[in-house]
Amino acid sequence: MTDIESRIDTSRPHTARIWNYWTGGKDNYPVDREAGDQIRALHPGIGEYAKADRLFLGRAVRHLAEQEGIRQFLDIGTGLPSADNTHEVAQRVAPDTRVVYVDNDPLVLAHARALLVGTPEGRTDYLDADLRDVDTILAAAAKTLDLSQPVALMLLGVVIFIEDDEESYAIVRRLMDALAPGSHLVLSHTVTHPDMPDVDAAVAFWNEHGTPKLTQRTPAAVARYFDGLELLDPGVVSCSAWRPETPADDVAMYAGVGRK
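Residues numbered from 1 in each chain as written. Predicted model: local features only at pLDDT ≥ 70, side-chain atom pairs only at ≥ 80, totals over all residues. Heavy atoms only, no water.

The chain appears in an unreviewed UniProt entry as O-methyltransferase involved in polyketide biosynthesis from Streptomyces nymphaeiformis.

**Student:** Got a minute to help me understand the pairing of strand β2 (residues 98–103) in this structure?
**Tutor:** Moving residue by residue along a regular strand, the side chains alternate between the two faces of the sheet. Within β2, five of the six residues are buried, which leaves it mostly tucked inside the rest of the structure. When strand β1 (residues 72–76) meets β2, the two strands line up parallel, connected through five bridges. Along β2, the bridge assignment pairs isoleucine 76 with valine 102. Both β2 and strand β3 (residues 123–128) contribute to a ladder of six bridges, which runs parallel. Within the sheet, the bridge partner assigned to valine 99 lies in β3 and is threonine 124. (Buried < 20%, exposed > 50% of the residue type's maximum accessible area, 1.4 Å probe, protein only. Helix = DSSP H or I, 4+ residues; strand = E, 2+ residues; numbered from the N terminus. Pairing = 2+ DSSP bridges.)

**Student:** Explain the layout of surface pockets to me, please; I cannot follow it from the model alone.
**Tutor:** One water molecule sets the probe size; rolling that probe over the atoms shows where empty space is left. Each pocket or cavity is described by its volume, and for the largest pocket that value is around 970 Å³. Taken together, 47 residues make up the lining of the largest pocket; nearest its centre are Thr15, Ala16, Gly157, Ile160 and Phe161. Of all the elements in the fold, those that place two or more residues in the lining of the largest pocket are α2 (15–22), α4 (47–66), β1, β2, α6 (106–115) and α9 (197–209). For the lining of the largest pocket, the element with the most residues is α2, which contributes six residues. Class assignment for the residues of the lining of the largest pocket results in 26 nonpolar, 12 polar and nine charged. Computed from the structure, the second largest pocket encloses a volume of approximately 350 Å³. Taken together, 19 residues make up the lining of the second largest pocket; nearest its centre are Lys51, Ala52, Arg54, Leu55 and Arg59. With eight residues, the single largest contributor to the lining of the second largest pocket is α4. (1 Å grid on protein atoms, 1.4 Å probe; cavity = no way out; pocket = protein on both sides within 12 Å on 5 of 7 lines; lining within 4 Å. Points joined across faces, edges and corners; volume = space filled by probe spheres on them. Nonpolar A, V, L, I, M, F, W, Y, C, P; charged D, E, K, R; others polar.)

Written out as structure tokens, the structure is:
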């Protein structure tokens, strides 16, 4: 058994594997499918959040590559590889794009090394690190990315794992402060909303039974991550409402894109 394999816990459901299950992937275990079904029973629409978040990723990356000329992406909290990962979307626009993925989940690490392979013209690398390890992430990313040039910082569904509000804001600020002018922040976050009370029940169930535990924040609290940045239209909204190709129902995942 490799070191990575020894770190994979199949006895408890895990967020990345449940989202993989909800999006139709096969990189999950019975314990994940059981928990995923129980959460979906509490909130039948929650499986759509994972799909909506992935579609937001594709639209945001495509916009940054096509309209903003971004050629470097730092994707922290990668999640399990699926269709249209960051490097695939960006390198379809510009094959020389460089992407660094960061995650600390061993199952993600194992799959990323095998599947996240980019174009010959570009670079696609992977770091095994925690979001809190800002200095480690920046030092390792600088081996692939030129941090003196604009970078898109991708934080999709990952800041939710930092329970303390001020710590989470400080982490995002430190990362953005290290990036050049013209860099962008792309962030999505599960929200608590009075119109969606069943989401709170689903999150409470998850935090009792699953790992890692997650924190909901209000839409206003999510918008605070973009303080000091120029928010791109339409601002911080349900990720399904961020420049959709076709109208879609709101989900309790809010997202935005901001320019430094």
